[in-house]
Amino acid sequence: MSRILVAGKNGQVGFELQRRLARLGQVMAAGRDEMDLADPDSIRRTVRETAPDLIVNAAAYTAVDQAESEPELARAINGVAPGILAEEAKRAGAALIHYSTDYVFDGTKAAPYTEDDEPRPINAYGRTKLAGERAIQAVDAPHLILRASWIYGARGKNFLLTIMRLAQERETLSIVDDQLGAPTWSRALAAASGSILEHLGYGQPAFREACAEKRGIYNLTAAGQTSWHGFAAAILAHAASAQPDESAFALARVPVLKAITTEQYPTPAQRPRNSVLSNAKVQSAFGLVMPDWKSSLADCMSSERR
């Protein structure tokens, strides 16, 4: 049976990947205790002990604001570790899937970003994630780099859970309305990743060659776009209509939602004003059509029962 090493087992995407990829092979999931991405020796040891034929790296340093004060730790995890994983994949004759981010762009483009647009990150997190992409490309093992955006789900730390918490604590929520992106459900991202692997014939003898032929960067986000304010409004609307005895996301009282500008909500790290990504390349390469962010949000919030 094929062996899949999933890094970041306790994260939003890593958790969903374990469930989705289990139908494709034997999943060996590693968290920080099993494989510390800040420690090159830990990475090499874990990969060599597990001997996977596919490495899926869903682990990252994702604290965008904190990365401004911890750039070296962020670079070790986001910038250096992916290159080491690529080296180990090449050494083992394995393939690598790695998740990157919309924050590699500066947000000044007036249209959705494509994979051909020049990255210009404006914060430490984006710079370290871009370094990770380039480290993988320099090794040139069979790889897919999947750029996602605004990831959320029913577990971990994310915008959906933050809004639900604040909605129970406050009567008014002030949310930025001039940053655009595509909220992407972690489960939809994992499902799409599994579909890509199936399209490439994972588990078949020609998989590695197929992955090598298709190697490169692909945007992989929900379809459509909104602002953080629009995302919050949709969350609150679903929560207001949910039944308290059925849904984990039901709210008895919905706070007033106020739109503010980026300047009115200063943060240590700059955010791109536009981080919408075009999915045209992944659709052309793999026949994959991502669901709209609104339908994914509805599915996510209705899937969590009390």
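Up top is the structure.
Residues numbered from 1 in each chain as written. Predicted model: local features only at pLDDT ≥ 70, side-chain atom pairs only at ≥ 80, totals over all residues. Heavy atoms only, no water.

1. Observations concerning the sheet that holds strand 2 (residues 26-30)
Part 1 of the reasoning: Spatial strand order, 2-1-3-4-5-10: six strands in an open sheet with parallel pairing. Each end of this open sheet is capped by a strand with a single partner; those strands are strand 2 and strand 10 (216-219). For this sheet the average axis-to-axis angle between neighbouring strands, irrespective of direction, equals 20°.
Part 2 of the reasoning: Examined bridge by bridge, strand 5 (residues 143-148) and strand 10 share four bridges and lie parallel to one another. Across the sheet, Leu-146 pairs through a bridge with Tyr-218, a residue of strand 10.
Part 3 of the reasoning: Contacts from helix 6 (residues 186-199) reach strand 3 (54-57), strand 4 (95-101) and strand 5, with the element oriented near 155° to strand 5. (Pairing = 2+ DSSP bridges. Helix = DSSP H or I, 4+ residues; strand = E, 2+ residues; numbered from the N terminus. Axes fitted to C-alpha atoms, helices over the stretch in contact; angles between N-to-C directions. Contact = heavy atoms within 4.5 Å.)

2. Considerations on the pattern of salt bridges
Part 1 of the reasoning: Taken as a whole, this structure holds 16 salt bridges when the rule is applied.
Part 2 of the reasoning: One salt bridge in this structure joins Glu-88 and Arg-44, with 4.0 Å as the shortest N-O distance. Note that Glu-88 is positioned in helix 3 (residues 71-92) and Arg-44 in helix 2 (residues 40-50), a separation of 44 residues in sequence.
Part 3 of the reasoning: On the accessibility criterion, Glu-88 (3% relative accessible area) is buried.
Part 4 of the reasoning: Here Arg-44 falls in the partly exposed class, since its relative accessible area comes to 27%.
Part 5 of the reasoning: A salt bridge links Asp-140 to Arg-215, with the nearest nitrogen and oxygen atoms 2.9 Å apart. Here the residue Asp-140 occupies a position in the loop between helix 4 (124-139) and strand 5, and Arg-215 occupies one in the loop between helix 7 (207-213) and strand 10, the gap between them amounting to 75 residues.
Part 6 of the reasoning: The exposure class assigned to Asp-140 is partly exposed, which follows from its relative accessible area of 38%.
Part 7 of the reasoning: The structure contains a network of salt bridges with shared partners spanning Asp-41, Arg-44, Arg-48, Glu-87 and Glu-88. (Salt bridge = Lys/Arg side-chain N within 4 Å of Asp/Glu carboxyl O. Buried < 20%, exposed > 50% of the residue type's maximum accessible area, 1.4 Å probe, protein only.)

3. Remarks on the side chain of Arg-147
Part 1 of the reasoning: With respect to the helices, strands and loops of the structure, Arg-147 is situated in strand 5.
Part 2 of the reasoning: At 2.7 Å, the side chain of Arg-147 and the side chain of Glu-133 are in polar contact. (Polar contact = N/O pair within 3.5 Å; in protein donor to acceptor, adjacent residues only side chain to side chain.)

4. Looking at helix 3
Structural remark: α-helix, 3.6 residues per turn; residues separated by three or four positions point the same way.
Part 1 of the reasoning: Its 22 residues place the ends of helix 3 30 Å apart at the C-alpha level, agreeing with the 32 Å of an ideal helix rising 1.5 Å per residue.
Part 2 of the reasoning: Maximal helix bending in helix 3 amounts to about 40°, located at Ala-81; proline Pro-82 follows within four positions.
Part 3 of the reasoning: Taken residue by residue, helix 3 has Ala-74, Ile-77, Asn-78, Gly-79, Ala-81, Pro-82, Gly-83, Ile-84, Leu-85, Ala-86, Glu-88 and Ala-89 as its buried positions.
Part 4 of the reasoning: Looking at the buried residues of helix 3, the elements they touch are helix 2, strand 3, strand 4 and helix 4.
Part 5 of the reasoning: Looking one or two residues beyond helix 3, the residue adopting positive phi is Gly-93, at roughly 70°. (Expected span 1.5 Å × (residues − 1). Bend = angle between axes of the 7 residues up to and from the residue.)

5. Concerning the environment of Glu-115
Part 1 of the reasoning: Along the chain, Glu-115 falls in the loop between strand 4 and helix 4.
Part 2 of the reasoning: On the basis of relative accessibility, which here comes to 15%, the residue Glu-115 falls in the buried class.
Part 3 of the reasoning: Counting along the chain gives 54 residues from Glu-115 to Glu-169, while the straight-line C-alpha distance between them is 40 Å.
Part 4 of the reasoning: Residue contacts for Glu-115: discarding those within four places in its chain leaves Arg-147, Ile-217, Tyr-218, Asn-219, Ser-278 and Lys-281.
Part 5 of the reasoning: For Glu-115, the side chain forms a polar contact with the main-chain nitrogen of Asn-219, separated by 2.7 Å.

6. Some words on the environment of Gly-83
Part 1 of the reasoning: Tracing the backbone through its elements, the reader meets Gly-83 in helix 3.
Part 2 of the reasoning: Spatially, the C-alpha atom of Gly-83 lies 6.4 Å from that of Gly-132, the residues being 49 residues apart in sequence.
Part 3 of the reasoning: If near-sequence neighbours (up to four positions away) are discounted, Gly-83 is found in contact with Ala-135, Ile-136 and Val-139.

7. Structural notes on the packing of aromatic side chains
Part 1 of the reasoning: Across all of its chains, the model carries ten aromatic pairs by this definition.
Part 2 of the reasoning: Seen from their ring centres, Phe-231 and Trp-293 are 6.1 Å apart, and the 85° between their planes marks the pair as edge-to-face. Taken together, the residues Phe-231 in helix 8 (residues 228-241) and Trp-293 in helix 10 (residues 293-303) connect sequence positions 62 residues apart. No difference in accessibility class separates Phe-231 from Trp-293, as the two residues are buried.
Part 3 of the reasoning: Here the aromatic cluster, defined as three or more aromatic residues joined through ring pairs, consists of Trp-150, Tyr-152, Phe-159, Trp-228, Phe-231 and Trp-293.
Part 4 of the reasoning: One residue, Arg-155, lies across the ring of Phe-15, its end atom 4.0 Å from the ring centre.
Part 5 of the reasoning: Sitting over the ring of Tyr-218, Lys-281 keeps its end group 4.5 Å from the ring centre. (Phe/Tyr/Trp six-rings, centres within 6.5 Å; stacked < 30°, edge-to-face > 60°. Lys NZ or Arg CZ within 6 Å of the ring centre and 35° of its normal.)

By themselves these figures say nothing about function.
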